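Each chain, letter by letter, is given below.
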Amino acid sequence: MKFRAHDTFFIRKGWLSKGMKYVNAKEDIFIAKDENPMDVLGIGANMVKALRYWLQAVGLTEEPTSGRRIQHFTPLGNSIFNNDRYIEESGTVYLLQYRLACNREDATAWYYFFNEFNMSEFGRDDFVTSLQNFIRMVDSSENIAIRSLNDDFTCIINTYVPRYKTNPNRVSPESNIDCPLGELGLVDILSKERKTYRKSIPVASSINPWIALAVIADRAGAQKEISLNELLTAPCNIGRVFNLDAITMLDVLYQIERIGEVKINRTAGLDVVRLINDRTFQDCVEAYYASINE
């Protein structure tokens, strides 16, 4: 489990694109001795550390666990760099959301927020207390500072709630300080006075069927049939990572059915989805980019 690895910096617009550009040009950009990464990237030391972390947390790059800690693209990172390096497509943002929300090891608070935390309306104390209980259950020897958990909560809110909503008089909607994941509308303000928030359900049409299928295929493994309940409630499946309710999820599944990739069976109380073709997560990612580039 990892907490506060972002050093309080959430992902800014343009950061991931900049990071990919320089990792592509120089794999050792973050550890280079011949060049100062602060000078090359044009950001401060703590921001460099945060960017290095975020590139891995959202699944764009990876580093070896031992030896020289150079970064290189994951298969997903390669696809995004080659097809949408400026992260302009909503499908790209949903892919990053999926990888981040499932990263239990390196982005534990994000994993917990989407997959285990069941309150739809909440404040900071609700989340932090609940997260503390989760940590104790997983590893009773872990003693994480409360400040780190508070900072993770603040970073989650800054990730998903655009700044013009929290400070409308100070920040314009065009500000580039916002995080691209805020475009998904997965979290909203419930009460500014009480500093409470709520999880929001995205519009089904905002989720490309190839993106939803990528997640389903990734979680299914060798399974050919998955119950609707598993899709809705299992950790890291589409219901959890995209904040879907049953009705919205069905709308998304019907979109996938229309492109001939699944068959929904709701007869005789079965309520299952059958995967028609043997597609991997990466197959679906490539199909998504091919479909939008047509």
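Residues numbered from 1 in each chain as written. Predicted model: local features only at pLDDT ≥ 70, side-chain atom pairs only at ≥ 80, totals over all residues. Heavy atoms only, no water.

Asks: Can you explain empty space enclosed by the protein? Please cite residues and give values.
Replies: One pass over the structure, following the stated rule, counts one cavity of 30 Å³ or more. In terms of residue count, helix H6 (residues 108-115) provides more of the lining of the largest cavity than any other element does, three residues in total. Residues that form the lining of the largest cavity fall into these classes: six nonpolar, two polar and four charged. (1 Å grid on protein atoms, 1.4 Å probe; cavity = no way out; pocket = protein on both sides within 12 Å on 5 of 7 lines; lining within 4 Å. Points joined across faces, edges and corners; volume = space filled by probe spheres on them. Helix = DSSP H or I, 4+ residues; strand = E, 2+ residues; numbered from the N terminus. Nonpolar A, V, L, I, M, F, W, Y, C, P; charged D, E, K, R; others polar.)

Asks: So what's going on with the packing of helix H5 (residues 90-101) against helix H14 (residues 281-293)? Which residues, and what values?
Replies: The geometry of H5 relative to H14 is characterised by a closest axis approach of 11 Å and an angle of 160° between their N-to-C directions. In this view, H5 runs roughly antiparallel relative to H14, as classed from their interaxial angle. Judged by the twist between their axes, the crossing of H5 over H14 is left-handed. The segment H5 lies against H14, with Ser90, Gly91, Thr92, Leu95, Tyr98 and Arg99 engaging Phe281, Val285, Tyr288 and Tyr289. Grouping the amino acids of the contact of H5 with H14 by side-chain chemistry returns six nonpolar, three polar and one charged. (Axes fitted to C-alpha atoms, helices over the stretch in contact; angles between N-to-C directions. Parallel < 35°, antiparallel > 145°, perpendicular 65-115°, else oblique. Left-handed = near helix turned anticlockwise from the far one by under 90°. Contact = heavy atoms within 4.5 Å.)

Asks: How would you explain the layout of surface pockets if you had to name every residue and give the values?
Replies: The gaps left among the atoms become clear once a water-sized probe is rolled over them. By volume, the largest pocket amounts to about 410 Å³. Lining the largest pocket are 18 residues, and of these Lys2, Tyr53, Gln56, Glu63 and Arg69 sit closest to its centre. Listing elements by their share of the lining of the largest pocket, those giving two or more residues are helix H3 (45-57) and strand S1 (61-62).

Asks: Pulling in residues and values, what's your account of the pairing of strand S8 (residues 272-275)?
Replies: One ladder, built from three bridges, connects strand S6 (residues 225-227) with S8; its direction is antiparallel. Bridge pairing in S8 links Ser227 to Val272. Strand direction decides the pairing type here: strand S7 (residues 262-265) and S8, joined by four bridges, are antiparallel. In the sheet register, Val262 faces S8, and the bridge partner there is Leu275. Joining the antiparallel neighbours S7 and S8 is a turn of six residues, in which Ala268 adopts a positive phi near 55°. (Pairing = 2+ DSSP bridges.)

Asks: Describe helix H13 (residues 246-258), and please don't skip the residues or the numbers.
Replies: Across its 13 residues, H13 extends 18 Å between first and last C-alpha, which sits within 8% of the 18 Å expected from 1.5 Å per residue. Those residues of H13 not exposed but buried are Thr248, Met249, Leu250, Val252, Leu253, Gln255 and Ile256. Each element contacted by the buried residues of H13 is listed here: helix H10 (209-220), helix H11 (228-233), helix H12 (238-241), S7 and S8. (Expected span 1.5 Å × (residues − 1). Buried < 20%, exposed > 50% of the residue type's maximum accessible area, 1.4 Å probe, protein only.)

Asks: Tell me about the pattern of salt bridges, and name the residues and values.
Replies: Taken as a whole and assessed by the stated rule, the structure comprises 14 salt bridges. Residues Arg4 and Asp7 are paired through a salt bridge, measuring 3.5 Å at the closest nitrogen-oxygen approach. In this structure Asp7 comes out as buried when scored by relative accessible area, which is 15%. Asp218 is paired through a salt bridge with Arg99; the nearest N and O atoms lie 3.1 Å apart. One end of the pair, Asp218, is in helix H10; the other, Arg99, is in helix H5, with 119 residues separating them in the sequence. Where salt bridges share partners, they join Arg4, Asp7, Arg147 and Asp151 into one cluster. (Salt bridge = Lys/Arg side-chain N within 4 Å of Asp/Glu carboxyl O.)

Asks: So what's going on with the sheet that holds strand S4 (residues 187-191)? Residues and values would help.
Replies: Taken together, three strands build an open sheet; the order of strands is S3-S5-S4 and the sheet is antiparallel. Across the chains shown, the open sheet's two edge strands, defined by having one partner strand only, are strand S3 (121-123) and S4. On average, each strand axis in the sheet is inclined to that of its neighbour by 40°, with strand direction left out of account. Bridge count between S3 and strand S5 (residues 196-199): three bridges; the pairing is antiparallel. By the bridge assignment for S5, Phe122 is matched with Tyr197.

Asks: Mind laying out the packing of aromatic side chains, listing which residues take part and the relevant values?
Replies: Enumeration over the complete set of coordinates arrives at 22 aromatic pairs. Each ring, one from Phe113 and one from Phe122, has its centre 5.4 Å from the other, and the planes form 80°; the classification is edge-to-face. Residue Phe113 is classed as buried on the basis of its relative accessible area of 0%. The exposure class of Phe122 is buried, given its relative accessible area of 2%. Geometrically, the ring pair formed by Phe153 and Tyr197 is edge-to-face, given 6.1 Å between the ring centres and 65° between the ring planes. Residue Phe153 is found in helix H8 (residues 146-160), and its partner Tyr197 is found in strand S5; the two are separated by 44 residues along the sequence. By relative accessible area, which is 4% here, Phe153 ends up buried. Tyr197 sits in the buried class, given a relative accessible area of 13%. One aromatic cluster is present, built from ring pairs that chain together Tyr111, Tyr112, Phe113, Phe114, Phe117, Phe122, Phe127, Phe134, Phe153, Tyr160 and Tyr197. (Phe/Tyr/Trp six-rings, centres within 6.5 Å; stacked < 30°, edge-to-face > 60°.)

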